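What follows is the residue order along each chain.
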Amino acid sequence: MYALEDENNDLFKNVFKLFENFKNRDEIAYRKITEEIVWAVKKNILFINVEEGILKPQSKLDLLAIREILKEILQ
């Protein structure tokens, strides 16, 4: 993810904001599919359920990794 910061700082910031939504939740609702959602889905980090309009991590391990990244960056 840090390579993303070097490549596209705006996208990095938006992905980070997206991940912050998972700090205390297992899934989140979305209104539209944004560039950061597309990035996370292409990287197989998040799963998008278009029928229910929710995003969730691909696995429990991905959710734990997102939370660890948040802890590391926010310290």
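Residues numbered from 1 in each chain as written. Predicted model: local features only at pLDDT ≥ 70, side-chain atom pairs only at ≥ 80, totals over all residues. Heavy atoms only, no water.

## As for the overall build of the protein
- For the protein, the helix and strand inventory stands at four helices and three strands.
- Ordered by position in the sequence, the α and β elements of the protein form the string α-α-β-α-β-β-α.
- Relative to a compact globule of 75 residues, whose C-alpha radius of gyration would be 11 Å, the protein shows 12 Å and is just as compact.
- Classification of the 75 residues of the protein by burial places 35% in the buried group.
- Contacts spanning at least 24 positions in sequence make up 50% of the contacts within the protein whose residues lie at least 6 apart.
- With an accessible surface of roughly 5300 Å², the protein has 48% of that area assigned to carbon and sulfur atoms.
- Positive and negative side-chain charges in the protein, numbering 12 and 14 respectively, have mean positions lying 4 Å apart. (Helix = DSSP H or I, 4+ residues; strand = E, 2+ residues; numbered from the N terminus. Rg over C-alpha atoms; globule rule 2.2 N^0.38 Å. Buried < 20%, exposed > 50% of the residue type's maximum accessible area, 1.4 Å probe, protein only. Contact = heavy atoms within 4.5 Å. Areas by Shrake-Rupley, 256 points an atom, 1.4 Å probe, with all protein chains shown as cover. Lys, Arg positive; Asp, Glu negative; His and termini not counted. Charge placed at Lys NZ, Arg CZ, Asp CG, Glu CD.)

## Thoughts on the environment of Val-38
- Note that Val-38 resides in helix 3 (residues 35-42).
- C-alpha separation for the pair Val-38 and Asn-8, spaced 30 residues apart in sequence, amounts to 14 Å.

## Things to note about the pattern of salt bridges
- Per the stated rule, a full pass over the model turns up two salt bridges.
- Of the charged contacts in the structure, one is a salt bridge between Asp-26 and Arg-67, with a shortest N-O distance of 3.3 Å. Placement of the pair is Asp-26 in the loop between helix 2 (9-20) and strand 1 (28-29) and Arg-67 in helix 4 (residues 60-74), with a sequence separation of 41 residues.
- A relative accessible area of 46% places Asp-26 in the partly exposed class.
- Arg-67 gets classed as partly exposed once you look at its relative accessible area, which sits at 21%.
- Glu-68 serves as the salt-bridge partner of Lys-71, at 3.3 Å between the closest nitrogen and oxygen. Of this pair, Lys-71 and Glu-68 both sit in helix 4, separated by three residues, roughly a single helical turn.
- Owing to a relative accessible area of 49%, Lys-71 belongs among the partly exposed residues under this scheme. (Salt bridge = Lys/Arg side-chain N within 4 Å of Asp/Glu carboxyl O.)

## What about the packing of helix 2 against helix 4?
- Relative orientation of the contacting elements helix 2 and helix 4 amounts to 115 degrees, with a least axis distance of 10 Å. Where helix 2 crosses over helix 4, the two elements pack in a sense that is left-handed. On helix 4, the residues that touch Phe-12, Phe-16, Phe-19 and Glu-20 of helix 2 are Ile-66, Leu-70, Ile-73 and Leu-74.
- Its residues assigned to classes, the contact of helix 2 with helix 4 comprises seven nonpolar, no polar and one charged. (Axes fitted to C-alpha atoms, helices over the stretch in contact; angles between N-to-C directions. Left-handed = near helix turned anticlockwise from the far one by under 90°. Nonpolar A, V, L, I, M, F, W, Y, C, P; charged D, E, K, R; others polar.)

## Some thoughts on the sheet that holds strand 2 (residues 46-49)
- In spatial order, the strands read 1-3-2; together these three strands make up an open sheet with antiparallel pairing. Only two strands of the sheet have a single partner each, and these edge strands are strand 1 and strand 2.
- Relative to strand 3 (residues 54-57), strand 2 runs antiparallel, the two being bridged by four bridges. Paired with Asn-49 across the two strands is Ile-54, which belongs to strand 3. (Pairing = 2+ DSSP bridges.)

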